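A structural walkthrough
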Amino acid sequence: MYLVDEENLIIHSMAAPKYECQIKKIPEDKRRKVYTIDQVKRMIDPQHRPHYNGCRWCMAEYHTFDMQAIFKRD
C-alpha cells in the first residue's frame, strides 16, 4: 500500500516507511491510499497532472529531483 500526500504531492511506501518521511505530520484530510504500483507509476509520470513525486527516503527509485528548482528565485 502507498500513502499519497495531497498537500506536497509526495507518494510514500507503507511497506518501508522511514522516520524522515514524517508520515504522522500529514494532515488526515490530505491523505489518500493507493494500492497498486501501477497506479503509483501513472501518478509519477511527467504527463500526469498534478505531477507526483516518490518520497526520497522510502521510494528513492521513484524520486526525481528538479535541477531547475535550484535556479528559480522566489
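This write-up is about the structure you can find in this document. This structure is a prediction, so every number in the text was calculated from the model and none was measured.

Cut-off values and rules
- Counting from 1, residues in each chain are numbered in the order their sequence is written.
- Thresholds applied to this predicted model are a pLDDT of at least 70 for local features of residues and 80 or more for the giving and counting of side-chain atom pairs; totals over whole chains, interfaces and linings are not thresholded and use all residues.
- Computation of side-chain values covers all heavy atoms of the structure but excludes hydrogens and water.
- Secondary structure elements follow DSSP: runs of H or I of four or more residues count as helices, runs of E of two or more count as strands, with numbering from the N terminus.
- Whether two residues are in contact is decided by their heavy atoms: any pair within 4.5 Å suffices.
- Within 3.5 Å is the distance limit for a polar contact, defined as a pair of N or O atoms, with the added protein rule that one can donate a hydrogen and the other accept it, and that residues adjacent in sequence qualify only through two side-chain atoms.
- The definitions used throughout rest on a 1 Å grid laid over the protein atoms alone, on which a cavity is an enclosed set of points accommodating a 1.4 Å probe that cannot get out and a pocket is an open set flanked by protein within 12 Å on both sides along at least five of seven lines; lining residues are those having an atom within 4 Å of a point.
- Grid points are joined across faces, edges and corners, and a volume is the space filled by probe spheres set on the points.
- In this classification, Asp, Glu, Lys and Arg are treated as charged, Ala, Val, Leu, Ile, Met, Phe, Trp, Tyr, Cys and Pro as nonpolar, and every other residue, Gly included, as polar.

Points about the side chain of Asn53
Here Asn53 shows up in strand 4 (residues 53-54). Excluding its chain neighbours within four sequence positions, the residues that come into contact with Asn53 are Leu9, Ile10, Ile11, Tyr62, His63 and Thr64.

Regarding the environment of Asp5
Looking at the element boundaries, Asp5 is found in strand 1 (residues 2-5). The residues contacting Asp5, other than those within four sequence positions of it, are Ile10, Ile26, Lys30 and Tyr52. At 3.1 Å, the side chain of Asp5 and the backbone nitrogen of Glu7 are in polar contact.

Quick word on the layout of surface pockets
Over the atoms rolls a probe the size of a water molecule, and its path tells where empty space is left. Quantified by volume, the largest pocket comes out at close to 230 Å³. Around the largest pocket, the lining comprises 15 residues; the ones closest to its centre are Asp5, Asn8, Ile10, His12 and Cys21. When grouped by side-chain class, the residues that make up the lining of the largest pocket number six nonpolar, five polar and four charged.

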